[in-house]
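# Coordinate analysis (summary)
One letter stands for each residue in the lines below.
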Amino acid sequence: MPEHALQVDTEPVVGSDPRWELVERIVASPSFIRSPRLCSLLMHLCELALAGRSGEINEQSIGEALFERARNYDPSIDGIVRSHASRLRQRLEQYFNEEGTHETIRLTIPKGGYTPLFEAHSQPLLQSESVLSPAPPDSIQEVSDVRTSAVIANTYRRLFWATSIALIVACSFIVFLLVHAHSAQSSPGSVTKHPLWSMLFGADHSTLIVASDTGLTSLETFTGSNVSLAEYLSGDYRTHATPLTGTTPEIAEKIASRRYTSIVDLDIVTKLFQIPGVPINRMQLRYARDLRPNDLKDEPVILLGSAEGTPWVELFQDKMNFVFVHDHQNHRFVVLNRVPHGNEQARYEADLTGPVHRVYGVIALRPNMKGSGDVLVLEGTSMAGTESAADFVFDDSRLLPFLATIKQKNGSLPYFELLLKSNNMNGSASGSEILSYRTTAR
């Protein structure tokens, strides 16, 4: 499974569990809300544990599932899981020492492993309270059976604090939207003067942002084959998946049914909403699986991720020079350069096993299906590759000089493609360099 994958929906059996409700409060708290990677790690571990799958929790599986490490990578050399787990333990301790002091259940990740431990926690009783709290249970299974009078005595206090935290989070988000909306209205020229964003955002039309289907990429890795756009639209791939040897069709179908997207995509969406002057009421966020062909005909669209997780990119690849190909059998992810210029290579192969993890990103501006608007594609050979493409477009110190170089004689921007090379350092893209670009007149 790709790096930093977050589940978009939660199974009911987990969602109704008081321990899962605790997890949701933790990831929404000030201690965690600014650390999406730690939130992703905590939710992944707790979901497995609460589903009775603690046996699947180990350093290597976590590295492959959340940090896009290659199958059978060596955790003794790459310590990314250990470093994030250490930070997670510190952040959990901070939560329960600060905003979570009222919690009646405590969550820890004991050192030496990654399996979460839920323990009942007794609060000091008020003078009016006469109920004694029992000793905390020793295992995750015992917590669900704890129905002691101490928990009942603390119910109103817990509801008060939970409601307060929820209101604070909700109010903070509303304030953010109001401030941002005011900023958008008070500086309308900030978008209209930008050569790229002015083409994609405006008060007279909507802009569709499409987040990738990371559950699909998980299935493709699991089955060793890619899903075409036609198969994606029909939905047959979810019930007719052929898994690799050693697994079952039921497991493949379960993976295909999940709705995941990536932390990188969510981070990109956040940055798009923070562009000064962008009219929030004109932005629409859509999950790749919920998109339909008509959505790509009229308004501007921003597609996040390669065709592997966002099959809609396939509609534009026939006229693109830089195309991603994932060879599952040989575990290779390459960028094909259809028409090499000068000393350019015909193919650029990503390196997911070397010490620097070389990745590639592509930024492409193409016409939509009717030619009435623009489509911006941000894709990569991995999530870090997509992140490198996003970092470039959000950095005006790099983007604007490039756009000035390729602009047409009339001052407008042509359609273009830009190929970037970057390194994946601890799950994130480091500095990138431009390898090549192509332009097409409008």
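What this report covers is the structure whose coordinates are included nearby. (Residues numbered from 1 in each chain as written. Predicted model: local features only at pLDDT ≥ 70, side-chain atom pairs only at ≥ 80, totals over all residues. Heavy atoms only, no water.)

Attention now moves to the packing of aromatic side chains. For the structure shown, the criterion picks out 9 aromatic pairs. On the basis of an interplanar angle of 85° and a centroid distance of 6.0 Å, the ring pair of F324 and F333 is categorised as edge-to-face. An identical accessibility class is assigned to F324 and F333; each is buried. Between the aromatic rings of F402 and F416, the centroid separation amounts to 5.6 Å while the plane-to-plane angle is 70°, which identifies the pairing as edge-to-face. Separated by 14 residues along the polypeptide, F402 in helix α17 (residues 396-406) and F416 in strand β13 (residues 415-425) bring together distant segments of the chain. Cluster of aromatic residues (ring-pair linked, three or more members): F392, F402, F416 and Y437. (Phe/Tyr/Trp six-rings, centres within 6.5 Å; stacked < 30°, edge-to-face > 60°. Buried < 20%, exposed > 50% of the residue type's maximum accessible area, 1.4 Å probe, protein only. Helix = DSSP H or I, 4+ residues; strand = E, 2+ residues; numbered from the N terminus.)

Tracing the backbone through its elements, the reader meets E59 in helix α4 (residues 59-66). E59 gets classed as buried once you look at its relative accessible area, which sits at 16%. A polar contact is formed between the side chain of E59 and the side chain of R82, at a distance of 2.5 Å. Within the local environment of E59, its side chain forms a polar contact with the side chain of Y114, the two groups lying 3.5 Å apart. Sequence-distant contacts of E59, defined by excluding residues within four places in its chain, comprise Y73, P75, D78, V81, R82 and Y114. (Polar contact = N/O pair within 3.5 Å; in protein donor to acceptor, adjacent residues only side chain to side chain. Contact = heavy atoms within 4.5 Å.)

Residue placement: S306 occurs in the loop between β7 (301-304) and α15 (314-317). The buried category is assigned to S306, whose relative accessible area is 9%. Along the backbone, S306 and M383 are 77 residues apart, and their C-alpha atoms lie at a distance of 9.4 Å. When near neighbours in sequence (up to four residues on either side) are disregarded, S306 contacts V313, F324, F333, E379 and G380.

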